[in-house]
2 protein chains.
Amino acid sequence: MRRSIATVCLSGSLVDKMHAASAAGFDGIEMFEPDLVSSELSPEEVVALAARLGLTLDLYQPFRDFEGVGEEALVENLRRAEAKFRLMNRLGIDTMLVCSNVATATIDSDQVSADQLRRMGEVAAEHGVRIAFEALAWGRFVDDYRRSWRIVELADHPNVGVCLDSFHILSRGHDPADIERIPGDKIFFLQLADAPALSMDVLSWSRHHRVFPGEGSFDLPAFLAHVLRAGYDGPLSLEVFNDTFRQTDVDRTAVHALRSLVWLEDQSQRILDGSEGLLPCVEPPTGFDFVEVKAEDTSDVEVMLGQLGFAFRGRHRSKPVSLWTSGDARIVLNEQHARDTVAHLSAIGFLVAEPDAAGRRAQELMAPVVHRRTYATEVPLQAVEAPDGTEIFFGGPPTSAWIDEFHGGTGTPGELVTAVDHVNLAQPWQDFDEAVLFFTSVLGLEAEDAGVELAGPRGLVRSRVMSSPLSDVRLPLNVVPPADEQSPSSQHVALLCSDTRAAVRRARAAGLSILPVPANYYDDLQARLGLDDEFRRELEALGVMYERDATGEYFNAYTRTIGQVFFELVERRDGYSGYGASNAPVRMAAQRR
Amino acid sequence: MRRSIATVCLSGSLVDKMHAASAAGFDGIEMFEPDLVSSELSPEEVVALAARLGLTLDLYQPFRDFEGVGEEALVENLRRAEAKFRLMNRLGIDTMLVCSNVATATIDSDQVSADQLRRMGEVAAEHGVRIAFEALAWGRFVDDYRRSWRIVELADHPNVGVCLDSFHILSRGHDPADIERIPGDKIFFLQLADAPALSMDVLSWSRHHRVFPGEGSFDLPAFLAHVLRAGYDGPLSLEVFNDTFRQTDVDRTAVHALRSLVWLEDQSQRILDGSEGLLPCVEPPTGFDFVEVKAEDTSDVEVMLGQLGFAFRGRHRSKPVSLWTSGDARIVLNEQHARDTVAHLSAIGFLVAEPDAAGRRAQELMAPVVHRRTYATEVPLQAVEAPDGTEIFFGGPPTSAWIDEFHGGTGTPGELVTAVDHVNLAQPWQDFDEAVLFFTSVLGLEAEDAGVELAGPRGLVRSRVMSSPLSDVRLPLNVVPPADEQSPSSQHVALLCSDTRAAVRRARAAGLSILPVPANYYDDLQARLGLDDEFRRELEALGVMYERDATGEYFNAYTRTIGQVFFELVERRDGYSGYGASNAPVRMAAQRR
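Worth saying up front: this structure is predicted, and the values here are computed from it rather than measured. (Residues numbered from 1 in each chain as written. Chains lettered and ligands numbered in written order. Predicted model: local features only at pLDDT ≥ 70, side-chain atom pairs only at ≥ 80, totals over all residues. Heavy atoms only, no water.)

Time to look at the domain arrangement of chain A. Size of an interface: often given as the accessible area lost when the parts come together. Residue and element names in this part refer to chain A. As far as domains go, chain A holds domain 1 (3-273), domain 2 (287-410) and domain 3 (417-592). Placing a centre on the C-alpha atoms of domain 1 and another on those of domain 2 gives a separation of 45 Å. Contacts between the two partners involve nine residues from domain 1 and, on the opposite side, six residues from domain 2. Of the roughly 570 Å² buried between domain 1 and domain 2 on both sides combined, carbon and sulfur atoms contribute 55%. Considering only the side of domain 1, the residues that lose the most area to domain 2 are Arg-252, Arg-259 and Val-262, jointly responsible for 60% of the buried surface there. Across the contact surface, domain 1 and domain 2 share one salt bridge. The residue Asp-266 makes a salt bridge to Arg-361 at a minimum N-O spacing of 3.8 Å. Linking domain 1 to domain 2 there are three residue pairs in polar contact (both at pLDDT 80 or more). Looking at which element gives the most residues to the side of domain 1 that touches domain 2, the answer is helix α10 (residues 250-273), with eight residues. (Domains from an automatic or database assignment. Contact = heavy atoms within 4.5 Å. Buried area = accessible area lost by both parts, 1.4 Å probe. Salt bridge = Lys/Arg side-chain N within 4 Å of Asp/Glu carboxyl O. Polar contact = N/O pair within 3.5 Å; in protein donor to acceptor, adjacent residues only side chain to side chain. Helix = DSSP H or I, 4+ residues; strand = E, 2+ residues; numbered from the N terminus.)

Now the structure itself:
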């Protein structure tokens, strides 16, 4: 289907927006009136630029406060509309979005609104344009798409149809199934937006917090399936008012936006056709293949991995890269192209059933491809770059052949660390929604519905976990407060242990210093949970933290930070599925000391 | 009265917070439990540090989910409470905040809650501590302070009283007048916070958007007057959960916080005593004395002021400073200590009835004093620094004697520019609330209840106007989006004209280039307002923008930007009192080109 985007989704001038939409691969744009009004380009120049860029101009929007008014106001509104129809003729745009009246409506009557829209339709027809009537979620009288459709039905004019906007429908909890009762050719336009579940007035929610499909809590695939079943064949168009996208890089936002539409179309097609979608179908990853830490000098990390019970598995045959393993946990230390960098998380490998299909899917979702030099006899790896720059590799099954490229290992790993439990990735505030969509669409991970907020010494850290359906893969994404972006304390690898206390004892014996935990923490823990003295003393002596909830128990401990990376030892008992959130503020305060 | 602050208001570690509170001049702190739990200091070290810093430890908080539960849970809750009472003994804190139950309450009964609080009071008494019961705005059953007081009355134990929090009371719209019915000695603690009017769930509102008194929309002076009339004589304590203060400079926030309490106490005393307050009473300014633009080389600004019809009034007798005037508008150009700076707004002088009293008041509100060297025979000026670094001078009446220090003026000003209409100051996002409080408390300006949001090409610009009661002084404060902080386009001086079109004609004839306004703007203006063709052509030819509302008309035009400053010519007709908000997005887009 054709893909379109409202210019209001993007930052910059109208010219910037059009270039970015075209470069990302959109077919058309919705012209948001204020963007045109602020532009130095004449309507004819806009038309010429759009033609050069291969963009169609799909909608002129918005026209406000038209219907439900007295006769005198209606005449004035028709004059105002006709001036815009003439402008649309200059722009070659054939559809205008007319929102339900918010400010000036005085008459609450389907018949009056229908009569007035019919009169507008007659004037529109003289100018060869159509009007798409939309029920705003906060319309004075018309705030439900079923009512806007009833009015359009009553208006009964070929140039009057409805515009459907997923936000206005789903934010009010209206059932989208009734869309299928609207004839497809009377749905003149479709606007798509997602949004997080927030309890606030719907106008502010709409104006500031919309996100692209796949990033919020609305079921957009089901919504779109209803619209397609109704027979709609116009463009799928994004209209996302978002404070962040308005101020960040326009080219990047446009790609991010298009990715959401490609993903959404794929998901909806699968609903309609049973299984066949647009994109190569891939199962979510079943585990971590490896985690890579990069630094000019990785020797401090090597020492720490040894203390944690990892064994040196070998050096890569052609690159300055080494592999350390314990159980199914594989840590790659990479010194290639790492001049002047301190230790940081540079790549994550995921185990997937079909690495090639996963790589193709990622590329069709416009994930930037990572090129790493491979030599003739080596295994070529499929890899793309996540929004935060972390490289994402697809390997398996069951484990990857690349391991055989490492030689010269010594020693035997301990048995306490058995796997990578989760990897925490710090996200700059402006990339967070994009990261959620990336891991949803590219890897098939699912976001927890709402995140949690952790109080750090330099601000609240928002955390939202992306995980595979069976929780084999868990990626907590942490949004660092703007004033604390240089802090490394939100990025780490959590290693699953069979026994955290034993692993800490072993690591301490090998010389590792565990992050110190204050006595006040243990006082509070004991007061909260009524722990016996001996258990409390054991935890305190080791620096192991503890959480208990209705499902089970969590034992964890942290290493000190090397460069920007630290490790966590975690033990989950009886199905505990959290991340020790109550411990995080204590950990962040300790790291800052 | 004694002044206190909850540690949760401030960023950093507990030690950072205590140092900042002490340095700002607070008498005590509320110990927010997570800050203690995260701290490496033992309770005894905290006590010793507080003693050295001259801080009392006024409250331990919060204790959650105590009452309204079954017997088994109550026994567990009493055990948990007793552990905290022992900790409070170590800390020497005699009052604990107990919030109404949110999560575990199962019994909705005043009598049951009262019986349970009495049992808690008995245990507390054994440890010499008191419990202050607070109705959270989102308590499961107890969410109204009148109910928490009824329960405390029923509990009838000397160690059980209420805690009142302005947010929990005013956010729910509960009448604070009933506070006067509570005996003052049963109000064990008072927490103060303001908040902007927002329509969202009260929990999120409380956790993220509280601000210091004077910065939001609650009537805190009236609230506090009720509490004082009840006979409360404990500390005035701030409890402000705010996402920004959590991540910004702790010392600065502490001063900002204390300023809000000093202002609030002064305001409340005036309510109680008729007129006598804590601070020197000053009337709000009656006009702009001058606006100063600073740069290493101010010659471009000189040329522009000449084109705008200003006359050169003279050079300062001892400094590289010149004065330009037109009507009551006085622009000072300052090249002193300006190495490597481009033109920027550096100071604003206000006309006040008693400059010395205004200066003293500002100093008592902890505004940093500005020292400018004055020579023997020159007029010493009272000046302080606003949060964004702009220097604020107090002069008059009726105009300041400093003008006589300028000599050698030539020429006669035009008659079209008559005064400074308003000065727009750009504020970094993290300083906005502080700026509102500064101009409220120091200058006696009032903030518009809600701000407006202007869509710029690099994000939404939030704008809130501070003005004097008679609007002689207007200061729109603009919050620049984080990604656009380097943009100069939100800082300017608006000059009031008797006739903007004539002033623009004169300026153009003198060679000034007016900011170009696109034809699309005039197309839209004509469509919206039904302007006749001739009027539209006149505006368009001049680059003058136009706004009309129910009260009157606004004509304005902008100069190009020099360094970080530009000028606006404005004409107000028939009592128009806005700022041409509909034009601002067009202006910002044009400035970016």
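Continuing now.
Rotating chain A by 180° about the axis while translating it 0.0 Å along that axis superimposes it on chain B, leaving an RMSD of 0.0 Å. When the rotation and shift are considered jointly, the pair of chain copies conforms to a two-fold rotation axis. In terms of C-alpha distance to the rotation axis, chain A has A:Met200 as its closest residue, with the C-alpha 1.8 Å off the axis. Comparing contact sets, 100% of the residues at the interface of chain A also lie at the interface in chain B, consistent with an isologous, same-surface contact. (Least-squares fit on C-alpha atoms with pLDDT ≥ 70 in both.)

Here we come to helix α9 (residues 220-229) of chain A. All names here are of chain A. Most of α9 is tucked away, with eight of its 10 residues classed as buried. Every buried residue belonging to α9 is among Leu-220, Pro-221, Phe-223, Leu-224, Ala-225, His-226, Val-227 and Leu-228, and all of these are buried. On its buried face, α9 sits against β6 (160-165), α7 (166-170), β7 (187-192), β8 (236-238) and α10. Following α9 by one or two positions, Gly-231 has its phi on the positive side, about 100°. (Buried < 20%, exposed > 50% of the residue type's maximum accessible area, 1.4 Å probe, protein only.)

So, on to the sheet that holds strand β5 (residues 130-134) of chain B. Residues and elements named next belong to chain B. Within the closed barrel, the eight strands sit side by side as β1-β2-β3-β4-β5-β6-β7-β8. Their pairing is parallel. Between one strand axis and the next, the sheet turns through 30° on average, direction left out of account. Bridge count for strand β4 (residues 95-99) against β5 is five bridges, and the pairing is parallel. Looking at the pairing, Thr-95 lines up with Arg-130 of β5. Against the sheet, helix α6 (residues 145-155) touches β5 and β6 (160-165), its axis set at about 170° to β6. Strands in contact with helix α9 (residues 220-229) are β6, β7 (187-192) and β8 (236-238); relative to β7, the strand with the most contacts, it is inclined by about 175°. (Pairing = 2+ DSSP bridges. Axes fitted to C-alpha atoms, helices over the stretch in contact; angles between N-to-C directions.)

Let's shift gears to the interface of chain A and chain B. Chain A puts 52 residues into the contact, and the matching count from chain B is 52 residues. Counting the surface lost from both chain A and chain B, the interface buries some 3700 Å², and carbon and sulfur atoms represent 51% of this. If you sort the residues of chain A by the area they bury against chain B, A:Val37, A:Gln247 and A:Asn520 come out on top, with a joint share of 17%. At the junction of chain A and chain B, the tally comes to eight salt bridges. Where B:Asp523 meets A:Arg90, a salt bridge forms, and the shortest distance between an N and an O atom there is 3.5 Å. For the pair chain A and chain B, the number of links is 23 residue pairs in polar contact (both at pLDDT 80 or more). Those elements giving two or more residues to the side of chain A that touches chain B turn out to be α2 (33-37), α4 (71-91), β19 (452-456), β20 (459-467), α15 (519-529) and α17 (584-592) of chain A. Per-element tally for the side of chain A that touches chain B: the top contributor is α15(A), with eight residues.

Of note, the amide linkage connecting A:Gln61 to A:Pro62 takes the cis form, showing an omega dihedral of -10°. Within the secondary structure, A:Pro62 sits in strand β3 (residues 56-63). Here the phi dihedral of A:Asp156 falls at roughly 50°; this positive angle occurs in a residue that is not glycine. Look at A:Asp156 and you get exposed, because its relative accessible area is 63%. Residues other than glycine seldom take positive phi values, yet B:Asp340 does so here, at roughly 65°. Overall, B:Asp340 belongs to the exposed group, its relative accessible area being 69%.

Residues and elements named next belong to chain B. With respect to the secondary-structure elements, Gln-116 resides in helix α5 (residues 110-126). Sequence separation between Gln-116 and Gly-68 is 48 residues; the distance between their C-alpha atoms is 7.6 Å. Those residues in contact with Gln-116, other than ones at most four positions away along the chain, are Phe-66, Glu-67, Gly-68, Val-69 and Leu-74. Within polar-contact distance, the side chain of Gln-116 engages the backbone oxygen of Val-69 at 2.7 Å.

A few words now on the packing of helix α3 (residues 43-53) of chain B against helix α4 (residues 71-91) of chain B. All names here are of chain B. Interhelical geometry of α3 versus α4 gives an angle of 40° and a closest axis separation of 8 Å. In terms of their interaxial angle, α3 and α4 are classed as oblique. Facing Pro-43, Glu-44, Val-46 and Val-47 of α3, the residues of α4 in contact are Leu-87, Arg-90 and Leu-91. A breakdown of the residues in the contact of α3 with α4 according to their chemical character gives five nonpolar, no polar and two charged. (Parallel < 35°, antiparallel > 145°, perpendicular 65-115°, else oblique. Nonpolar A, V, L, I, M, F, W, Y, C, P; charged D, E, K, R; others polar.)

We describe a pair of aromatic rings using the distance from one ring centre to the other and the angle between the two ring planes. Residues and elements named next belong to chain A. As enumerated under the stated definition, the model contains 36 aromatic pairs over all chains in all. Positioned above the aromatic ring of Phe-188, the side-chain terminus of Arg-130 is 3.9 Å from the ring centre. Here the basic side chain of Arg-587 rests over the ring of Tyr-558, its NZ or CZ set 5.4 Å away from the ring centre. (Phe/Tyr/Trp six-rings, centres within 6.5 Å; stacked < 30°, edge-to-face > 60°. Lys NZ or Arg CZ within 6 Å of the ring centre and 35° of its normal.)

Within the secondary structure, A:Ser39 sits in the loop between α2 and α3 (43-53). Here A:Ser39 falls in the buried class, since its relative accessible area comes to 3%. Contacts of A:Ser39, omitting those with residues within four sequence positions, involve A:Leu14, B:Pro518, B:Asn520 and B:Arg593.

All names here are of chain A. Where burial is concerned, most of strand β5 (residues 130-134) is hidden: four out of the five residues are buried. At this point the chain moves from strand β4 (residues 95-99), through helix α5 (residues 110-126), to the parallel β5, and the crossover so formed is right-handed. As judged from the three bridges shared by β5 and β6, these two strands associate in the parallel manner. Bridge pairing in β6 places Phe-133 opposite Val-162. For the segment spanning β5, helix α6 (residues 145-155) and β6, crossover handedness is right-handed. (Right-handed = clockwise from strand over helix to strand, strands pointing away.)

A few words now on the pattern of salt bridges. Evaluated as defined, the whole model comprises 70 salt bridges over all chains. Through salt bridges with shared partners, a single ionic network connects A:Glu44, A:Arg90, B:Asp523, B:Arg536 and B:Glu540.

Residue and element names in this part refer to chain A. Within this numbering scheme, the UniProt entry marks Glu-134, Asp-165, Gln-191 and Glu-239 as carrying the feature "binding site: a divalent metal cation" (unreviewed entry). These annotated residues cover 106 residues of sequence, and their C-alpha atoms lie no more than 13.2 Å from one another, placing them together at a single site. Mapped onto the secondary structure, Asp-165 falls in strand β6. Setting aside chain neighbours within four positions, we find Asp-165 in contact with Glu-134, Gln-191, Arg-210, Phe-223 and Glu-239. On the secondary structure map, Gln-191 appears in strand β7. (UniProt positions renumbered as here; feature names shortened; annotations may be inferred.)

What follows deals with the environment of B:Gln430. Residues and elements named next belong to chain B. Turning to its location among the elements, Gln-430 is positioned in the loop between β17 (417-427) and α13 (432-441). In this structure the C-alpha to C-alpha distance between Gln-430 and Thr-248, which are 182 residues apart in sequence, comes to 7.3 Å. Engagement of the side chain of Gln-430 in a polar contact is seen with the side chain of Trp-429, the distance being 3.3 Å.

Attention shifts here to a negative patch on the surface. Taken together, the side chains of A:Glu296, A:Asp297, A:Asp300, A:Glu335 and A:Asp340 define an acidic patch exposed on the protein surface. Following the sequence through the fold, A:Asp300 ends up in helix α11 (residues 299-307). (Patch = residues over 30% accessible without salt bridge, like charges linked within 9 Å, V, L, I, M, F, W, Y side chains within 5 Å. Areas by Shrake-Rupley, 256 points an atom, 1.4 Å probe, with all protein chains shown as cover. Lys, Arg positive; Asp, Glu negative; His and termini not counted. Charge placed at Lys NZ, Arg CZ, Asp CG, Glu CD.)

Backbone-to-backbone hydrogen bonds pair the strands of a sheet. The strands run either parallel or antiparallel. One closed barrel holds the eight strands; their spatial order is β1-β2-β3-β4-β5-β6-β7-β8 (chain A), and the pairing between them is parallel. Ignoring which end each strand starts from, the neighbouring axes of this sheet average 30° apart.

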